[in-house]
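# Summary of structural features
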Amino acid sequence: MNADVLRVQGLVVHYHTPLGAVQAADNIAFGLRAEERLGLVGESGSGKSTLALAILRMIKPPGRIEGGEVWLDGLNLMTLSEEEMRKVRLARIAMIPQGSMNSLNPVMRIRGQVADALRDHGVRLPKRQVDERIRDLLHSVGLRPEVAGMFPHELSGGMKQRACIAIAISLRPRVILADEPTSALDVVVQKQVMETLARVQRDLEASVILVGHDMGLVAQFVDRVGIMYAGKLVEVSPVRDVFTQPLHPYTRLLIASLPSLQHKGTFQGIPGLPPLLRDLPSGCAFHPRCPHAVDRCRTEVPGFKEAGTASWAACHLL
Ligand code: SF4
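Counting secondary structure elements, the chain contains 11 helices and 12 strands. Taken along its principal axes, the extent of the C-alpha atoms in the chain is 70 × 50 × 45 Å. Put simply, 66% of the contacts in the chain that link residues at least 6 apart link residues at least 24 apart. Accessible surface for the chain amounts to roughly 15500 Å². Of this, 53% is attributable to carbon and sulfur atoms.

The next subject is the site of the ligand. Around the ligand sit 13 residues in total, of which Cys 284, Cys 290, Cys 297, Cys 315 and His 316 are the nearest. For the shell around the ligand, the class distribution of residues is nine nonpolar, four polar and no charged.

With that settled, consider the layout of surface pockets. Counted as a void, the largest pocket has a volume near 570 Å³. Where the lining of the largest pocket is concerned, the elements lending two or more residues are α2 (82-91), β6 (93-96), α4 (110-120) and α6 (157-168). Among the elements that line the lining of the largest pocket, the one with the most residues is α4, at four residues. Residues that form the lining of the largest pocket fall into these classes: 13 nonpolar, three polar and four charged. The volume enclosed by the second largest pocket comes to roughly 270 Å³. In this structure, the second largest pocket is lined by Arg 37, Val 187, Val 188, Gln 190, Lys 191, Met 194, Glu 195, Asp 214, Gly 216, Leu 217, Gln 220 and Phe 221.

Attention shifts here to the packing of α6 against helix α7 (residues 187-204). Following both chains from N to C, one finds α6 and α7 inclined at 15°, their axes separated by 10 Å at the closest point. Of the possible angle classes, the one that applies to α6 and α7 is roughly parallel. Crossing hand, α6 versus α7: right-handed. Within the contact between the two elements, α6 uses Gly 158, Gln 161, Arg 162 and Ile 165 and α7 uses Val 189, Gln 192, Val 193, Thr 196, Leu 197 and Val 200.

Right, let's talk about empty space enclosed by the protein for a bit. Tallied over the entire structure, the rule returns two cavities of 30 Å³ or more. Computed from the structure, the largest cavity encloses a volume of approximately 100 Å³. Here the residues of the lining of the largest cavity sort into 10 nonpolar, four polar and no charged. As a volume, the second largest cavity reaches approximately 40 Å³. Lining the second largest cavity, in full, are Glu 43, Ser 44, Gly 45, Ser 46, Tyr 229, Ala 230, Pro 274, Pro 275 and Leu 277. Looking at the lining of the second largest cavity, its residues break down into five nonpolar, three polar and one charged.

Pairing is mixed in the open sheet, where eight strands are placed in the order β6-β7-β8-β3-β9-β10-β12-β11. Of all strands in the sheet, those with a lone pairing partner are β6 and β11 (305-306), marking the two edges. Across six bridges, the pairing between strand β9 (residues 224-229) and strand β10 (residues 232-238) is antiparallel. The partner of Gly 226 across the bridge, within β10, is Val 236. The strands that helix α1 (residues 48-55) touches are β3 (37-41), β6, β7 (175-179), β8 (207-212) and β9; relative to β8, the one it contacts most, it runs at about 145°.

Time to look at the pattern of salt bridges. What the rule picks out here adds up to 20 salt bridges. For Arg 7, the salt bridge goes to Asp 4, with nearest N and O atoms at 2.8 Å. Exposure remark for Arg 7: the relative accessible area of 32% places this residue in the partly exposed category. Residue classification places Asp 4 among the partly exposed residues on the basis of a relative accessible area of 34%. One salt bridge in this structure joins Glu 82 and Arg 57, with 3.1 Å as the shortest N-O distance. In this pair, Glu 82 sits in helix α2 while Arg 57 sits in the loop between α1 and β4 (63-72), placing the two residues 25 residues apart along the sequence. When salt bridges with common partners are traced through the structure, they connect Glu 83, Arg 86, Lys 87 and Asp 120 into a single cluster.

Across 10 bridges, strand β1 (residues 4-17) lies against strand β2 (residues 20-33) in antiparallel orientation. Opposite Val 8, over in β2, you have Phe 30 as the bridge partner. The hairpin formed by β1 and β2 contains two residues between the paired strands.

Quick notes on the rules
Within every chain, residues take consecutive numbers counted from 1 along the sequence as written. Totals for whole chains, interfaces and linings use all residues, but because this is a predicted model, local features are given only for residues with pLDDT of at least 70 and pairs of side-chain atoms are given and counted only at 80 or more. Note: side-chain values were computed over all heavy atoms of the structure, leaving out hydrogens and water. In this description a helix means any DSSP run of H or I spanning at least four residues, a strand means any run of E spanning at least two, and both kinds are numbered starting from the N terminus. Whether two residues touch is decided by their heavy atoms; if any such pair falls within 4.5 Å, the residues are in contact. Only the protein chains shown count as covering a residue, and every accessible area follows the Shrake-Rupley method with a 1.4 Å probe. A single heavy atom is enough: if one lies within 4 Å of a molecule or strand, its residue is considered near that molecule or strand. Gly counts as polar in this scheme, as do all residues outside two lists: the nonpolar Ala, Val, Leu, Ile, Met, Phe, Trp, Tyr, Cys and Pro, and the charged Asp, Glu, Lys and Arg. Lining residues are defined by having an atom within 4 Å of a point belonging to a cavity or pocket. Those points lie on a 1 Å grid over the protein atoms alone, cavities being sets where a 1.4 Å probe fits but cannot get out and pockets being open sets with protein on both sides within 12 Å along at least five of seven lines. Grid points are joined across faces, edges and corners, and a volume is the space filled by probe spheres set on the points. Between N-to-C directions, angles span 0 to 180 degrees; the directions come from axes that are lines fitted to C-alpha atoms, helices contributing only their stretch in contact. Oblique is the label for any angle not covered by the other classes, which are roughly parallel (under 35 degrees), roughly antiparallel (over 145) and roughly perpendicular (65 to 115). In this scheme the handedness of a crossing depends on how the near helix is turned from the far one: anticlockwise by less than a right angle means left-handed, clockwise means right-handed. Here a strand pair is declared whenever DSSP counts at least two bridges between the two strands. By convention in these notes, a salt bridge is any Lys or Arg side-chain nitrogen within 4 Å of a carboxyl oxygen on Asp or Glu. Think of it in three bands: residues with accessible area under 20% of the maximum for their type are buried, residues over 50% are exposed, and the middle band is partly exposed, with areas taken using a 1.4 Å probe on protein chains only.

As structure tokens, this is what we get:
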């Protein structure tokens, strides 16, 4: 079994609003193994993007990391200075953002944006070598060398997202965090972008955390899945087990709500709505929607426990 490259322990993030503190990530703990692909799935507002940003220490006010540790290769990221953290980002852990439209600089050619990222992290090379490196990077994400001389508006959505992947891997990070990297792309382009991500992950021997709301899409890519609900991780299991023997009632309902070729007909939705993070139900936050809730669920928060050889879940009934 590979050792953990990244380990998150007791991570807590609050957003401080005029109506009080909102608990966006509550006591999150998990490990990411070398070369592993882990999916983080949840409905909107479940805390999955907050968690990704917190790992990179990119939470902006009114959000604040209230506690916890993030260990990357033996280094606790929470103890680093801002400058040390800036160096770790990209070099050791890199983010592929949700909207490539917003993360690329619209008035700068792709070449300049990759070169800036390299320079920013202390890579000083003669121009010819930088150009070669950029060409290799573009090649590794399936883009033609001419793309280096283009502005973002000259690229399609899929090409822009691949350019973002090229920037993210420019310093060969150990961990890549991809936050809904294919949102706003059509299905064919989604597939191409995911294939590109899979290829660079293999080439770099990196580990990937893929954040998404689409269980079907995430499941095709990952080895293990973490399910988030109301700011908590409620299950982490190998992807096959999530489909064949889901542990948490919420995971079961998520799987049952997926379209399937075998079971045509009306989709089974999840009853009710996700709770407001600033007004969470008592006990298990899923109890108002859970078909198996018992009295204890309304008063007692279930702990996140080992449930089988490779799975963890938070439910009183396990
Ligand atoms: Fe359902 Fe209770 Fe388990 Fe929560 S703890 S998921 S309410 S059975």
